[in-house]
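Chain and residue survey
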Amino acid sequence: YVRPPPPAVSSPVSWRRNELALLAGCIPGMPSLQRAASRTMQLASELSALVDAGILHRFPDLFPPGTITWDTWVWAASVYESRSLPASVMPSWIWKDGHTSSPPEVWESLGML
C-alpha cells in the first residue's frame, strides 16, 4: 500500500474502444460499460474545468507543458481510486462517529509528533 504507484492501472476508463466493445457485446457487461462511460465523462469534465480555469498555466513550475495529458489524468484518478478506502473499512481507532481520531501515540511512533 505504501509502495510507489504502478506505472499502469487496468481500469475500463483507460481501455481502448476495441476492449470496451467486448463489454458492449454481452448483457452482463452493459452496467460496467455504462459506469466506465459515466466516469470518463466525469474525468473529462474535471480536466476541462482545470484547463478552463488556467490552473496549468498559472503554475508552470508544477505543471510543465505536456505534463497533464488525458492519459496521465486517467492514470492519476485510477491510482487514487485503487488506493482509497471507504471509512467503513477503517479501524475504529482511526474512524469514530464520522470523524478521524487516531491516538497521539500512533503518530509519535511514526515520528510525526
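Attention in this report is confined to the structure presented alongside it. (Residues numbered from 1 in each chain as written. Predicted model: local features only at pLDDT ≥ 70, side-chain atom pairs only at ≥ 80, totals over all residues. Heavy atoms only, no water.)

1. Re the packing of helix 2 (residues 30–52) against helix 4 (residues 70–83)
Any two packed helices are characterised by how steeply their axes cross, that is the angle between the axes, and by the distance between the axes. Running from N to C, helix 2 and helix 4 point in directions that differ by 115 degrees, and their axes come no closer than 11 Å. The hand of the helix 2/helix 4 crossing is right-handed. Of helix 4, the residues touching helix 2 (which contributes Arg39, Thr40, Leu43, Ala44, Glu46, Leu47 and Leu50) are Trp70, Trp73, Val74, Ala77 and Glu81. Considering only residue class, the contact of helix 2 with helix 4 consists of eight nonpolar, one polar and three charged. (Axes fitted to C-alpha atoms, helices over the stretch in contact; angles between N-to-C directions. Helix = DSSP H or I, 4+ residues; strand = E, 2+ residues; numbered from the N terminus. Left-handed = near helix turned anticlockwise from the far one by under 90°. Contact = heavy atoms within 4.5 Å. Nonpolar A, V, L, I, M, F, W, Y, C, P; charged D, E, K, R; others polar.)

2. Quick word on the side chain of arginine 39
By the secondary structure assignment, arginine 39 is in helix 2. By relative accessible area, arginine 39 is classed as buried at 18%. Here arginine 39 is in contact with Val13, Glu46, Ala77 and Glu81, once residues within four sequence places are set aside. (Buried < 20%, exposed > 50% of the residue type's maximum accessible area, 1.4 Å probe, protein only.)

3. Structural notes on the packing of helix 1 (residues 17–24) against helix 2
One can describe the packing of helix 1 onto helix 2 by two numbers: an axis separation of 7 Å at closest approach and a directional angle of 140 degrees. As far as their axial angle goes, helix 2 and helix 1 are oblique. Each of Leu20, Leu23 and Ala24 in helix 1 lies in contact with helix 2, whose residues at this interface are Met30, Ser32 and Leu33. (Parallel < 35°, antiparallel > 145°, perpendicular 65-115°, else oblique.)

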